Structures are given as structure tokens and as C-alpha cells.
Amino acid sequence: MSGATRRFANIAAGRAAGEKSGIASVCSAHPLVIEAALRHGAARRADVLIEATCNQVNHDGGYTGMTPAGFRSFVEAQAHKVGFPVDRLILGGDHLGPNPWKHMAAAAAMKKAAAMIDAYASAGFTKMHLDTSIACVDDPAVLADETIAARAAELAEIAEAAVERAGGEKPVYVIGTEVPVPGGALEALDHLHVTAPGDALRTVEIHARAFSRAGLEAAFDRAVGVVVQPGVEFGNTEIVPYAPAKATELVAVLDRMPQLVFEAHSTDYQPAEALNALVRDGFAILKVGPWLTFALREALYGLSHIADILAPDFSCESLPAAMERIMLASPDNWQQYYPGTPDEQRMQRHFSFSDRIRYYWPTPEAQRATRTLLDVLGEKDIPRPLISQYLGQLGAGVAARRVKPLAHEILIGSITRVLDIYADATGQ
């Protein structure tokens, strides 16, 4: 294993030794988020874990248009640009399973999932979250645990064979799933439940047996984590913070599976003290994605207001107006997630914690609108009073000269502010 993957694989051992052992998993394909994460890692001399989801990146291209090999090339090019050493980079695949093809019969969907995980493993991704809990069109609504585990072992066997063929380093695995599925909470958050301790143990035991039946004991020895629900979530306007007292019994079962830590999804927008408590309690892998693009959108919209003052051009469409037009023309990525009146939907399109606007930034029209804004601001220093008015959260960083008052650096600084919270919580 590379040094970074080896350190990641030893995350449970570090916790057992009394260390503050954790890592943030950056789940985004946005170039500015990737740049910020790698610059942040370089500044802190820390490992960086970047994960692509099955919907974002797969052998068919995903919604980013990138294959796993293409995503790796994209991230490594960014690393070279900012001076981040690639031997400190860990690339992961999130929710690897049949989810993108759940509209197919299970056999066909698993065949697609097998091709996807082959592509991930062949491209050198070394952290694999196996998630085969999604029911396909001919499956029962809720899959049996044994079916989920057998399908996970089937995909692990494909990954192991791909690495053997390609001559790369053996991956480490995360098992288990979460509720809700990727994309954000769709129901009210007032009945959110912490994973039952027995369910966490059963997930591990059944997966261990399934791997053993497939002759994959060595692969299961490289399992590092299990996904559970620690009682954290966010919706369009709500955040459910971590309550340690509610997870006491779940945390206690880690003593019965010392090989593993917990992986916590949907940790976006958690208060700093909650993230610290999660890592302390063994939720050592903290997924973050929408918060990073939310912070990027905050900075972009602030810069748009500043541009209206510094370089007013009433013939030029503002960035918020352009994004509203783009989202209304293609509502598939937000409509089913944003209920309510037209006014409520308009607010959510731009400002929801679920951040469905992130699916629109890669579109050619949104990229043109963003470039137009950044071209208007250019390399001019942005006056401090305007930063105070429209980018108040970055005021202290600019005053301390940690953030240069330039448009591009303000975007990076807004994302970095979130990454700092995670780095402090995880000990990176």
C-alpha cells in the first residue's frame, strides 16, 4: 500500500492507541472544491481523501461525463498544479453498487455495477464503499441482509481481480449503507433513528460470512469501516446535530469489532463540537460534500453582488438570475426534492442545505455565467467594506491575510473555511 492508504487502513488502530484518528472524505467533483481540498492538504501536510459517487463517475461517464480513470487524471492534474504530493492522495468510490441502474432487473444492474467497480479498481482507487442495498426493479422493496452481503462480496471479487490484473495496490473496503440513499433526505427529520447496535454487528457478521464463502477472507481483512447512522442529517432548511448520548450503545459495539471504525454520511453543516464528538466516538470517516459546494455558492453569489457595485452593467445577467433560468429550464435535479409553494421552491433552488444547485455548475451555461463574473472582477483587490457586506464569513481571513481579496482566492477561501472545521475535528 502507499503511505496514504496504509495510514488510512490503520485508522482503527490509531483510535485504539488513543490518538485523535479521523479523516474527512471530500465528496465532490467540482474543480474549485478539488483545488481547495488539495491546497488545504498541502498547507497542512496532510493526506487528502477524495471520493466520487457511483452517479457522478462510472464506466459510462456518470453525470460528470468522467470515467474513474478520467476522474483520477483530473484530480492528479489539479494536484500537480497546486503542488500537492500525489502519494498523499487517497481516491475512493462511494456507494459502489447498482444504484445508477436500479431501474433494470437485478442481474443486469449488477452486471453494470461489476463493470463500474472493475473500472474503479483498474484506475487505482484504493477506498471502496460497497453499497448493494438498493433494490432493483425485480427485487423486493427491502432486500434481505444476506442478499446485500452476497452482492457486495460479488463486487469485491471483481475489484480484487481487477487489481491483480492491473498490478495496483489492494483496496480497503467500507461496507454497509445509510438511509436515505445518495441525494439527500426526502422525508421529515423528526423521526431520525440511530443505527441499532445489533444491526451494526449483524451487518459486519453477514458480510464477513459472504466474503468467506467467496474465498475473500484476505479482502475482508482489509475492511476498515462500516456505514451507520449516528443520528445526523440535514434537509432543505434543517440540520440534525450529533447527540452523543443517543449513540452511546452504538459506539460501544466498536469494542467488539476492533478492526473497524464507523463511516458517517451527511455530516455536512454539523457544528464543530459535534464533528469533534463524532471522531472521538469512533465515527472516524466523515463524509462532506454539499457543505463545500454550498460554501462555494455563497461566495459566488457574494461576488456577484460585489460585481454589480464595482462594475455595474445593466445589460449583463447576474449569476443568480442566470442560475435561476438554468434550473427552471431543467428541473429534474431539484423538482422532486423541493416541495412547497413557488416562492418556497425558488428559495430552495438557491439556498437549500441540500444544495441541488451543485448539479448545475458543470453545465456549459453555468460555466459561462461563472466565467463572465470572474472576468468582470479579474485580478482587482476587492475592497474590505464590500467583503464585510457580502462575504462577512471571510472578513477575518482577509483581515489576517490568510485569504487574498481576489475573486478566485475568495472562492477557495470559502471552501477552505469548511475544510478547516473538518481538519480540526479529525486531527489532520
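Scroll up for the structure.
The structure presented is a predicted model; accordingly, all values stated were derived computationally and were not measured.

Draft legend 1. Local environment of the overall build of the protein chain. Helix and strand counts for the protein chain come out as 17 helices and 10 strands. Relative to the globule expectation of 22 Å for 428 residues, the C-alpha radius of gyration of the protein chain, 21 Å, shows essentially globular dimensions. Its C-alpha atoms put the protein chain at 70 × 45 × 45 Å along the principal axes. Looking at the 428 residues of the protein chain, the share that counts as buried comes to 54%. Summed over its atoms, the accessible surface of the protein chain is roughly 17,900 Å², and 53% of this surface lies on carbon and sulfur atoms.

Draft legend 2. The sheet that holds strand S4 (residues 127-130), seen in detail. Strand order in this closed barrel of eight strands is S1-S2-S3-S4-S5-S6-S9-S10, and the pairing throughout is parallel. Pairs of neighbouring strands in the sheet enclose a mean axial angle of 25°, with direction left out of account. Pairing geometry for S4 and strand S5 (residues 172-175), over three bridges, is parallel. Its bridge partner lying in S5, Lys127 is registered against Val172. Seen against the sheet, helix H5 (residues 106-122) touches strand S2 (48-53), strand S3 (89-96) and S4 and runs at an angle of roughly 175° to S3.

Draft legend 3. Examining helix H10 (residues 272-280) more closely. Of all the positions in H10, only Ala274, Leu275, Ala277, Leu278 and Val279 are classed as buried. Here the buried face of H10 lies against helix H2 (11-16), strand S10 (285-288), helix H11 (290-310) and helix H17 (407-426).

Draft legend 4. Structural view of the packing of H11 against helix H12 (residues 319-329). It is the contact of H11 with H12, at a shortest axis distance of 8 Å, that shows an interaxial angle of 125°. Taken together, the axes of H11 and H12 are oblique relative to one another. Contacts between H11 and H12 involve Leu300, Tyr301 and Ser304 on the former and, on the latter, Leu319, Pro320 and Met323. In the contact of H11 with H12, the residues fall into five nonpolar, one polar and no charged.

Here is what the cut-offs are and how they apply
Residues numbered from 1 in each chain as written. Predicted model: local features only at pLDDT ≥ 70, side-chain atom pairs only at ≥ 80, totals over all residues. Heavy atoms only, no water. Helix = DSSP H or I, 4+ residues; strand = E, 2+ residues; numbered from the N terminus. Rg over C-alpha atoms; globule rule 2.2 N^0.38 Å. Buried < 20%, exposed > 50% of the residue type's maximum accessible area, 1.4 Å probe, protein only. Areas by Shrake-Rupley, 256 points an atom, 1.4 Å probe, with all protein chains shown as cover. Pairing = 2+ DSSP bridges. Axes fitted to C-alpha atoms, helices over the stretch in contact; angles between N-to-C directions. Contact = heavy atoms within 4.5 Å. Parallel < 35°, antiparallel > 145°, perpendicular 65-115°, else oblique. Nonpolar A, V, L, I, M, F, W, Y, C, P; charged D, E, K, R; others polar.

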